[in-house]
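Commentary on secondary and tertiary structure
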Amino acid sequence: MLSAIRERLARGREDEGFTLIELMVVVLIIAILIAIAIPTFLGARKRAQDKQAQSNIRIALGTEETVYTDSQLYVDGSAAAGQTTLKAEEGSLNWDDASPEAAERDVAVEAVDATFQGVVLKSWSSSGTLFCLLDIQSDLAAAFRGNSTAGTYYAKVANATSATACPASITDTAW
């Protein structure tokens, strides 16, 4: 009986470890899982960058509306005095450089209508998408960016460059 145990132990030592085929199967499974996970991660990163830009533009709209409540006019942030007013109200945003190169906290006032009752804000996502928001406080006599009715309208421009402006007509009610 003792010799049978010794014989079994001797065979067990020879069978230790994994075969090359088993190791290759494990590596293949890991590679497949990585191939599935990487695109999902990259998509999540782009969505997060887009959400940050949308959040920035909504904060900017809240700031513009706060200023509007005080003066009944939107502030033209493209002018130095307007930027000073907006920075004093909301200092966490960069109001003077909305470009894809430094998109982290950038928001810009692209246009204000002639009566200062409508404003177009834009914000870049680090993913290269430009988000535009048009807000009109009261019905306008002449259409501004495709609208004359009070409300908030949105536009999104994918694969935008630094020369890209918000569309001439902003009419969507959601991004």
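Refer to the structure printed above.
Once a new chain begins, its residue numbering starts again from 1 and follows that chain's sequence as written. Note on the predicted model: pLDDT of at least 70 is required for a residue's local features to be given, and 80 or more for side-chain atom pairs to be given and counted; whole-chain, interface and lining totals, by contrast, use all residues. As a rule here, side-chain values come from all non-hydrogen atoms in the structure, and water together with hydrogens is ignored.

1. Focus on the nonpolar core
Using the following cut-off: Side-chain atoms within 4.5 Å link the members of a nonpolar core, which is a set of buried Ala, Val, Leu, Ile, Met, Phe, Trp, Tyr and Cys residues. Exposure categories follow from relative accessible area, calculated using a 1.4 Å probe and restricted to protein chains: below 20% of the type maximum is buried, above 50% is exposed, and the middle band is partly exposed. Strands here are runs of E lasting at least two residues and helices are runs of H or I lasting at least four, both read from the DSSP assignment and numbered beginning at the N terminus. Any pair of residues with heavy atoms lying within 4.5 Å of one another is described as a contacting pair.
Grouped together as the largest cluster of nonpolar side chains are 17 residues, with contacts concentrated most on W95, V109 and L121. When contributions to this core are tallied by element, the ones reaching two or more residues are α2 (20–71), β1 (108–112) and β2 (118–124). Non-local contacts of L121, meaning those with residues more than four positions away in its chain, are made with I57, A60, L61, E64, A108, V109, F131, C132, L133 and C166. With 15 residues, the next largest nonpolar core counts A111, V120, L130 and C166 among its residues.

2. Examining the packing of aromatic side chains
To keep things clear, this is the line we draw: Any two rings among Phe, Tyr and Trp, with Trp reduced to its six-membered ring, count as a pair given centres within 6.5 Å; such a pair is stacked if its planes are under 30 degrees apart, edge-to-face if over 60, and tilted if neither.
Counted by the stated rule, this structure contains three aromatic pairs. Consider the rings of F131 and W175, whose centres lie 5.4 Å apart with planes at 85 degrees: the pair is edge-to-face. On the criterion of sequence distance, the pair formed by F131 in strand β3 (residues 130–136) and W175 in the segment after β4 (151–157) is long-range, its members being 44 residues apart. Taking 4.5 Å as the distance between ring centres and 55 degrees as the angle between the ring planes, the aromatic pair formed by Y154 and W175 counts as tilted. Taken together, the residues span a long stretch of sequence, with Y154 in strand β4 and W175 in the segment after β4 at a distance of 21 residues. A relative accessible area of 15% means that Y154 is categorised as buried. An aromatic cluster of three or more residues is present, and its members are F131, Y154 and W175.

3. Quick notes on the pairing of β1
Here is the rule: For two strands to pair, DSSP has to find at least two bridges joining them.
Of all five residues that make up β1, four are buried, and the element is covered over most of its length. Here β1 folds back onto β2, and the loop between the two strands holds five residues, one of which, F116, carries a positive phi near 60 degrees.

4. Topic: the packing of α2 against helix α3 (residues 80–89)
Selection rule: Whenever a helix is involved, its axis is fitted only over the stretch in contact; in every case the axis is a line through C-alpha atoms, and angles between N-to-C directions fall within 0 to 180 degrees. Each angle receives one of four descriptions, namely roughly parallel if under 35 degrees, roughly antiparallel if over 145, roughly perpendicular if within 65 to 115, and oblique otherwise. Here the nonpolar group is Ala, Val, Leu, Ile, Met, Phe, Trp, Tyr, Cys and Pro; Asp, Glu, Lys and Arg are the charged ones; every other residue, Gly included, is treated as polar.
Two elements in contact, α2 and α3, have axes whose closest approach is 10 Å; the angle formed by their N-to-C orientations is 105 degrees. By the criterion of interaxial angle, the relationship of α2 to α3 is roughly perpendicular. Across the interface between the two elements, T63, E64, T66 and V67 from α2 touch T85, L86 and E89 from α3. A breakdown of the residues in the contact of α2 with α3 according to their chemical character gives two nonpolar, three polar and two charged.

5. Looking at unusual backbone geometry
The phi torsion at R145 lies on the positive side, around 55 degrees, for a residue other than glycine. If you trace the backbone, R145 turns up in the loop between β3 and β4. Overall, the relative accessible area of 19% leaves R145 in the buried class. Here N159, not a glycine, exhibits a phi torsion of approximately 50 degrees, which is positive. Along the polypeptide, N159 turns up in the segment after β4.

6. Some thoughts on the pattern of salt bridges
Where we set the bar: Salt bridge, as used here, is a side-chain nitrogen of Lys or Arg placed within 4 Å of a carboxyl oxygen of Asp or Glu.
By the definition in use, this model includes three salt bridges. Residue K46 pairs with D50 through a salt bridge whose shortest N-O separation is 3.1 Å. Here D50 and K46 lie together in helix α2, a separation of four residues that amounts to about one turn. Taking relative accessible area as the criterion, K46 reaches 38% and is therefore assigned partly exposed. Residue E110 is joined to K122 by a salt bridge in which the shortest nitrogen-to-oxygen separation is 3.5 Å. Here E110 is found in strand β1, whereas its partner K122 is found in strand β2, with 12 residues between them in sequence. One connected set of salt bridges, linked through shared partners, spans E110, K122 and R145.

7. Description of α2
What counts, and what does not: A helix's residues, less one, multiplied by 1.5 Å, set its expected span.
With 52 residues, α2 extends 76 Å between its outermost C-alpha atoms, agreeing within 8% with the 76 Å of an ideal straight helix rising 1.5 Å per residue. Within α2, the full set of buried residues consists of Q49, D50, A53, Q54, N56, I57, A60, L61, T63, E64, V67 and Y68. Following α2 by one or two positions, Q72 adopts a phi angle in the positive range, close to 60 degrees.

Read these as spatial facts, not as claims about activity.
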